[in-house]
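Structural overview
So you can see what is in the structure, the chains are spelled out below.
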Amino acid sequence: MHTAASAAPAPARHWVASWGAAQQIPDEANALAAENWRDASLRQTVHLTLGGPQFRVRVSNLYGTAPLTLDGASVALAKAPGQADIQPPTLRPLTFGGRASVTIPSGAEYYSDAVAMEVKPADNLAISLYFKSEPARQTSHNGARATTFLAKGNRVMDPAWADAGKDVGKITRWYAISDVEVLAPRSVGALVTIGDSITDGYGIPNDTNTRWPDVLAARLRNSGQTLGVLNAGIGGGRMLRDGLGPNLASRFDNDVISRAGVTHALVLVGVNDLGGQHRNGPDTPADREQLVADLKMAYRQIAERAHAHGICIIGATITPYSGSTYYHPEAENEADRQELNKWLRTSGVFDAVADFDATLRDPEQPSRIKKVYDSGDGLHPSLAGYRALAETVPLAALQKKCGDK
C-alpha cells in the first residue's frame, strides 16, 4: 500500500505570455501567396511586454485543415522594428523536442523548446520560420502593423537578409505565430486586451507599436507594475457574428483563457455589432432590441468564463461613432449605444470598467469623438486618442486578483 507523498512546493516561476495575437483565416487579400511558403523563410518581428531568463514561442496551425510542417526556425533580437537584420550575438535556433522541424496537427498550436536567453520588456523579437511547402489553409493575423520579411530558401540562421527589392519582400501581416511566453515569478501575470480594430490599432504607422495596448504596457512599466499586455484585437471584429475573424464570444477561450499566466482581460467590442446591423439589415425596433439583449447576454457569458478561470474582467464602454461615414448611424443606434454603456457601467458583471466613451466623446456632441482624438473617419481614434484610452485603463484594477474587493 502506497502512502500519499507530501505535496510538492509550487515552482517559483511559471510561463507568462509576453506577446500575443489573435488568429484568423486570411481572406484572399491577406493570404500569403503559395510561392512565399515554398522553400521560403518568413522573418516576423513582435514587441515583448515582459522579460525573463527564458522564453518560448507558440506556433499556430489553428485554422489549418491538414498538418503543417515547419522545417526550420530561429529567434533573435531585431536590430530595430521594420528592419530585416537581427543582432547576431542573439541568434538562436528554435527547436521542438530538440529537433529543427516539427509537424503540427490541424487545429493545434505547439510550443517550441525553451530558449535560454535573457529578454527584456519592450524588446523586439525576430521570429524566423522556414517552410518547404504551403499550408492547406493559412492561420494568420491580418492587422500586424509590423513588417514581415520574405525570402527564398532556408535563411533562418542568416543574421543579415538582402535589401528589399532583391530577394526579400515585405508585407504587414503575421503568419503561424500565436504568442511568446517568458519564464517569470509566480506573482507576475498578464492582461489580454480583446476587441476590434480600435484595439488592433487601425491607423497607426507600421512598426511604431503605438496601439493603445502598447501605450498601456509602457504606462505599466513606467509605474513599476509588472504585467504582460497582449493584443487580441481583430479589425472588423464583432461580439456576435463572424467577420474578418471569428466572433469574440467564440474566440474568447482561445484568445484569453488559453494564454499562459493570464490574470486579467479587458473587452472593448460592440461598435461593429451595432453599426453592422444598421448598415446591412432592416434595423427595426424589434431587431435593435434583440441585438442589445444578445450583446448583454454575450458579455455575461464571457465574464462567467473568465471568472471560472480566476481571470478578472474589465468592461470598456463603447466609443462614439456617430460621425462615421462607414456606418452612418441614426439617433436610434446612438440610443442603443448609450443603453449598452449604461449597462456596462452599472450591471456589476465586470470587476472594473474602463470608460472609453467618457474619454473620447466630444462634450458638445457626445455621440461623436472629440476632434483631437478623431483619426478623421469618426470611428477610429487618432494617435492622441489611443494614448488617451491607455491612460483611461484603471491601473488599480490590474493590481487586484479576481474576487478581491
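What you see is a predicted model, and the numbers here were worked out from it, not measured in a lab.

All right, on to empty space enclosed by the protein then. Evaluated as defined, the whole model comprises three cavities of 30 Å³ or more. Of the voids in this model, the largest cavity is the one considered here, and its volume is about 240 Å³. As for the largest cavity, its lining consists of 25 residues, and the residues nearest its centre are Trp19, Trp174, Asn209, Arg211 and Asp214. Breaking the lining of the largest cavity down by element, the ones donating at least two residues are strand S1 (13-20), strand S2 (40-47), helix H2 (212-222) and strand S16 (227-233). Classifying every residue of the lining of the largest cavity gives 10 nonpolar, 11 polar and four charged. In terms of domain composition, the lining of the largest cavity takes at least three residues from each of domain 1 (13-179) and domain 2 (187-399).

With that settled, the discussion passes to the layout of surface pockets. Volume-wise, the largest pocket comes out at about 510 Å³. Around the largest pocket, the lining is made up of 27 residues, and of these Ser197, Gly235, Gly236, Leu244 and Tyr326 lie nearest the centre. Looking at the lining of the largest pocket, the elements with two or more residues in it are helix H1 (197-200) and helix H4 (271-280). Top contributing element to the lining of the largest pocket by residue count: H4, with four residues. Per-class residue counts for the lining of the largest pocket are six nonpolar, 15 polar and six charged. Volume-wise, the second largest pocket comes out at about 300 Å³. Surrounding the second largest pocket, 16 residues form its lining, Ser187, Val188, Gly189, Thr263 and Lys401 being those nearest its centre. Among the residues making up the lining of the second largest pocket, the classes are represented as four nonpolar, nine polar and three charged.

Calculation criteria
Residues numbered from 1 in each chain as written. Predicted model: local features only at pLDDT ≥ 70, side-chain atom pairs only at ≥ 80, totals over all residues. Heavy atoms only, no water. 1 Å grid on protein atoms, 1.4 Å probe; cavity = no way out; pocket = protein on both sides within 12 Å on 5 of 7 lines; lining within 4 Å. Points joined across faces, edges and corners; volume = space filled by probe spheres on them. Helix = DSSP H or I, 4+ residues; strand = E, 2+ residues; numbered from the N terminus. Nonpolar A, V, L, I, M, F, W, Y, C, P; charged D, E, K, R; others polar. Domains from an automatic or database assignment.

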